[in-house]
Amino acid sequence: KAAGRNAVRFFDPEMQAVASAHAELAADLRQAWRDGALTVEYQPQVGEAGRMTGVEALLRWDHPARGRVEPSQFIPAAEETSLIIPIGSWVLEAACAQIAAWSARPDRRHLSIAVNVSVRQFRHPDFVDEVMTCIRAAGIEPSKLKLELTESLLADGIEVTVAKMGSLKAMGVGLSLDDFGIGYSSLSYLKRLPLDELKIDREFVKDILTDANDAAIAGTIIGLARSLGLNVIAEGVETIEQRDFLARQGCHQYQGYLYCRPLAIGQLEAFLDETKGTAAIPEPSSVGS
Ligand code: C2E
Ligand code: MG
Ligand code: MG
Ligand code: MG
């Protein structure tokens, strides 16, 4: 196998099946994009006293035959085919339009929208200009837009990444480091990135009550964020116990099924009306901060 790697790969029927399934997914995605079959859902982010501070925009694809295709499946295909460039632009525009709609409403105007940005998008030479154009066209307050970036950006080199992030930050856009802890970040890099927020990956939150290592990592990330003067938000919070544990470690912003699943815009509006923007989850009882 090791000897004839290229030949083996090409003629291995199993790999060929994987490759064609892959190509089919990419073709279906291109079709879905043409047909306008992609949508965006929004998941609330909750701060102190259960108050909703904003939402994260999450792409959805409902395929006529496959049913719902998970972003973890189709985002990689979107990246490989570069479809993520137009799709990402569309999510950004949708988010800015939604921020504009909310800014006209006193009960909504404090809400921010976080948009995931893939490395492919961030790397594009027009990205910074595009964000600027989007904000201007929608006439929104730039700080209401948050961009969620990942550590994989650093593969392009620290200088270029810091410069680009600096331009976005200068515009007033919020910058969050998503999935923090699972990438290869170096603390000396972290210090140089003009960030506003660290987002603790769900991977560490999941077993926080039973796995001492995860608990230690989450606690360390929270401490790190605090000492760097950054906001910190935990993703994938599903239970009150997880939330209380995080709160005791000094985290006061959460996103997860405990509060709300990602919702289509109509459902989200109804949820905001019902809850009056404050989630009815009991507050941590004896938590000092
Ligand atoms: P992410 O940015 O880390 O988003 C958080 C993911 O956790 C979302 O998965 C969300 O639905 C899920 N989640 C939130 N709360 C809970 C919870 O309490 N329990 C569990 N089990 N899961 C929870 P989703 O929507 O499947 O998205 C997966 C990933 O796909 C995202 O991870 C993000 O990296 C990517 N993605 C989604 N939308 C976009 C987009 O518009 N652009 C780009 N570039 N990537 C996107
Ligand atoms: Mg995200
Ligand atoms: Mg995340
Ligand atoms: Mg994640």
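Residues numbered from 1 in each chain as written. Chains lettered and ligands numbered in written order. Predicted model: local features only at pLDDT ≥ 70, side-chain atom pairs only at ≥ 80, totals over all residues. Heavy atoms only, no water.

- The protein appears in an unreviewed UniProt entry as EAL domain-containing protein from Caenimonas sedimenti.

1. Observations regarding helix H3 (residues 71-80)
And then number 1: Those residues of H3 not exposed but buried are Phe74, Ala77 and Ala78. Buried residues of H3 fall within an arc of 100 degrees about the axis and therefore sit on the same side. In H3, the exposed residues that point more than 90 degrees away from the buried face are Ser72 and Glu80.
And then number 2: Structurally, H3 contributes buried residues whose contacts are with helix H2 (13-35), strand E2 (52-63), strand E3 (67-69) and helix H4 (84-103).
And then number 3: Just beyond H3, the residue with positive phi is Ser82, at close to 70 degrees. (Buried < 20%, exposed > 50% of the residue type's maximum accessible area, 1.4 Å probe, protein only. Helix = DSSP H or I, 4+ residues; strand = E, 2+ residues; numbered from the N terminus. Arc of directions from axis to C-beta. Contact = heavy atoms within 4.5 Å.)

2. Side note on the coordination of the magnesium ion (ligand 4)
And then number 1: Bound to the magnesium ion (ligand 4) on the protein side are Asp179 (OD), Asp201 (OD) and Glu235 (OE), at distances that span 2.1 to 2.5 Å.
And then number 2: Mapped onto the polypeptide sequence, the residues donating to the magnesium ion (ligand 4) form the spacing pattern D-x21-D-x33-E.
And then number 3: On the basis of relative accessible area, Glu235 is assigned to the buried category, the value being 13%. (Donors = N, O, S within 2.8 Å, 3.2 Å for Na, K, Ca; no water.)

3. Examining helix H11 (residues 240-248)
And then number 1: Those residues of H11 lying buried are Gln242, Arg243, Asp244, Phe245, Leu246 and Ala247.
And then number 2: Considering only its buried residues, H11 is in contact with strand E7 (197-200), helix H9 (202-206), helix H10 (212-227) and strand E8 (231-234).
And then number 3: Immediately beyond the C-terminal end of H11, within one or two residues, lies Gly250, with a positive phi of roughly 105 degrees.

4. Brief notes about the pattern of salt bridges
And then number 1: Considering all chains together, one arrives at 18 salt bridges under this definition.
And then number 2: Of the charged contacts, one joins Arg66 and Glu24 as a salt bridge, the two residues approaching to 3.7 Å between their closest N and O atoms. Remark: Glu24 occurs in helix H2 and Arg66 occurs in the loop between E2 and E3; sequence separation between them is 42 residues.
And then number 3: Note that Glu41 and Arg60 form a salt bridge whose closest N and O atoms lie 3.0 Å from each other. With Glu41 in strand E1 (residues 38-46) and Arg60 in strand E2, this pair connects stretches of sequence that are 19 residues apart. Side by side, Glu41 and Arg60 carry an identical accessibility label, which is buried.
And then number 4: It is possible to trace a salt-bridge network through shared partners that takes in Arg105, Asp107, Arg108, Glu269 and Asp273. (Salt bridge = Lys/Arg side-chain N within 4 Å of Asp/Glu carboxyl O.)

5. Some thoughts on the coordination of the magnesium ion (ligand 2)
And then number 1: Bound to the magnesium ion (ligand 2) on the protein side are Glu56 (OE), Asn116 (OD1), Glu148 (OE) and Asp178 (OD), at distances that span 2.0 to 2.2 Å.
And then number 2: Separating the magnesium ion (ligand 2) from the magnesium ion (ligand 3) is a gap of 3.7 Å, bridged by Asp178, which donates to each. Highlighted residues: Glu56 in strand E2 and Asp178 in strand E6 (residues 174-180), separated in sequence by 122 residues. For the residue pair Glu56 and Asp178, the accessibility class agrees, reading buried in each case.

6. Let's talk about unusual backbone geometry
What is expected of a backbone is that most residues other than glycine have negative phi and most peptide bonds are trans.
And then number 1: Backbone geometry at Ala49 places phi at a positive 60 degrees, although glycine is not the residue there.
And then number 2: Mapped onto the fold, Ala49 is located in the loop between E1 and E2.
And then number 3: For Lys276, which is not glycine, the phi torsion reads 55 degrees and is therefore positive.
And then number 4: On the secondary structure map, Lys276 appears in the segment after helix H12 (265-275).

7. Concerning the site of ligand 1
And then number 1: In the vicinity of ligand 1, 24 residues are found, and the nearest of them are Arg60, Asn116, Asp178, Glu238 and Tyr257.
And then number 2: Contact between ligand 1 and Asp178: an oxygen atom at 2.8 Å from a side-chain N or O atom of the residue.
And then number 3: With respect to ligand 1, the backbone of Tyr257 contributes an N or O atom lying 2.8 Å from an oxygen atom.
And then number 4: For ligand 1, the protein covers 85% of the area, taking 800 Å² as the surface of the free molecule.
And then number 5: For ligand 1, the cavity whose grid points lie within 2 Å of the majority of its atoms is the largest pocket.
And then number 6: Among the elements of the structure, E2, H3, H4 and E6 are those that each provide at least two residues to the shell around ligand 1. (Near = heavy atom within 4 Å. Polar contact = N/O pair within 3.5 Å; in protein donor to acceptor, adjacent residues only side chain to side chain. Areas by Shrake-Rupley, 256 points an atom, 1.4 Å probe, with all protein chains shown as cover. 1 Å grid on protein atoms, 1.4 Å probe; cavity = no way out; pocket = protein on both sides within 12 Å on 5 of 7 lines; lining within 4 Å. Sits in = over half its atoms within 2 Å of the grid points.)

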